[in-house]
Amino acid sequence: LTRKPLEESGRINSSLAGLYNALLTHRPTAISNYYWLLERIRPNERDVFYGRVRNYIGRFLDSVKPDVVLSVHPMLNHFIQRFIKEERLTIPCYTFVTDPFPPFWQGWASPYVDRYFVATNEALQSLSAMGVPAWR
């Protein structure tokens, strides 16, 4: 089952996802500016943002009852996985890094992800430089 929890979690998140998708489709050169903004704001590390979606995450996980969570986007590597760890759920959290070459947005690196899958040695080295142990 494939779901889009970012878009489903609320209007603000849906708008941010829509902006990202529009930039990617129509102005891909502007993505670096979007990443710059995200690096400054770091919404994935802010408790205020997590607190706004925490109840949604619980309902989302209850509705889909996943055997595993596989993220393919850096914005989805933090809150769902954090909830799973805080609630001591036994759902493994994996990330497939879809950006093949650095520089990467810091959001790819998350302390809540159990295992990463990367396509290139450069991706492995970049995640390691962000503090993700190579064995993960």
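Predicted model, so just to flag it, every value in this text is computed and none were measured. (Residues numbered from 1 in each chain as written. Predicted model: local features only at pLDDT ≥ 70, side-chain atom pairs only at ≥ 80, totals over all residues. Heavy atoms only, no water.)

What follows is about unusual backbone geometry. Trans peptide bonds make up the majority, and among non-glycine residues the majority have a negative phi. Positive phi, normally seen in glycine, also occurs at Lys65, with a value near 45°. Along the polypeptide, Lys65 turns up in the loop between helix H4 (47–64) and strand S1 (69–71). Taking relative accessible area as the criterion, Lys65 reaches 63% and is therefore assigned exposed. Phi at Arg88 takes a positive value of approximately 55°, unusual for a residue other than glycine. Within the secondary structure, Arg88 is located in the loop between helix H5 (79–86) and strand S2 (93–96). Under the relative-accessibility criterion, Arg88 is labelled exposed at 73%. (Helix = DSSP H or I, 4+ residues; strand = E, 2+ residues; numbered from the N terminus. Buried < 20%, exposed > 50% of the residue type's maximum accessible area, 1.4 Å probe, protein only.)

Here we come to the packing of H4 against H5. The interhelical angle for the contact between H4 and H5, taken along N-to-C directions, is 70°, at an axis separation of 9 Å. With respect to H5, the element H4 is oriented roughly perpendicular. Contacts from Asp47, Phe49, Tyr50, Val53, Arg54, Ile57, Gly58, Phe60 and Leu61 in H4 reach Phe79, Ile80, Arg82, Phe83, Ile84 and Glu86 in H5. (Axes fitted to C-alpha atoms, helices over the stretch in contact; angles between N-to-C directions. Parallel < 35°, antiparallel > 145°, perpendicular 65-115°, else oblique. Contact = heavy atoms within 4.5 Å.)

Evaluated as defined, the whole model comprises five salt bridges. The partner of Glu87 in a salt bridge is Arg54, with the nearest N and O atoms 2.7 Å apart. With Glu87 in the loop between H5 and S2 and Arg54 in helix H4, this residue pair connects regions lying 33 residues apart in the sequence. We classify Glu87 as partly exposed; its relative accessible area is 39%. In this structure Arg54 comes out as partly exposed when scored by relative accessible area, which is 24%. (Salt bridge = Lys/Arg side-chain N within 4 Å of Asp/Glu carboxyl O.)

This part takes up the packing of aromatic side chains. All told, the structure shown has four aromatic pairs when counted by the stated rule. Aromatic side chains Tyr50 and Phe79 sit 5.4 Å apart centroid to centroid with 55° between the ring planes, which places their arrangement in the tilted category. One end of the pair, Tyr50, is in helix H4; the other, Phe79, is in helix H5, and 29 residues separate them in sequence. Among the residues examined, Phe79 registers a relative accessible area of 16% and is labelled buried. (Phe/Tyr/Trp six-rings, centres within 6.5 Å; stacked < 30°, edge-to-face > 60°.)

Attention now moves to a nonpolar patch on the surface. There is a patch of nonpolar side chains on the surface, built from Trp36, Leu37, Ile41, Val48 and Phe49 and spanning about 470 Å² of accessible area. Elements supplying a minimum of two residues to the nonpolar patch: helix H3 (31–41) and H4. Of the residues forming the nonpolar patch, the biggest block, three residues, is contributed by H3. Turning to its location among the elements, Phe49 is positioned in helix H4. (Patch = residues over 30% accessible without salt bridge, like charges linked within 9 Å, V, L, I, M, F, W, Y side chains within 5 Å. Areas by Shrake-Rupley, 256 points an atom, 1.4 Å probe, with all protein chains shown as cover.)

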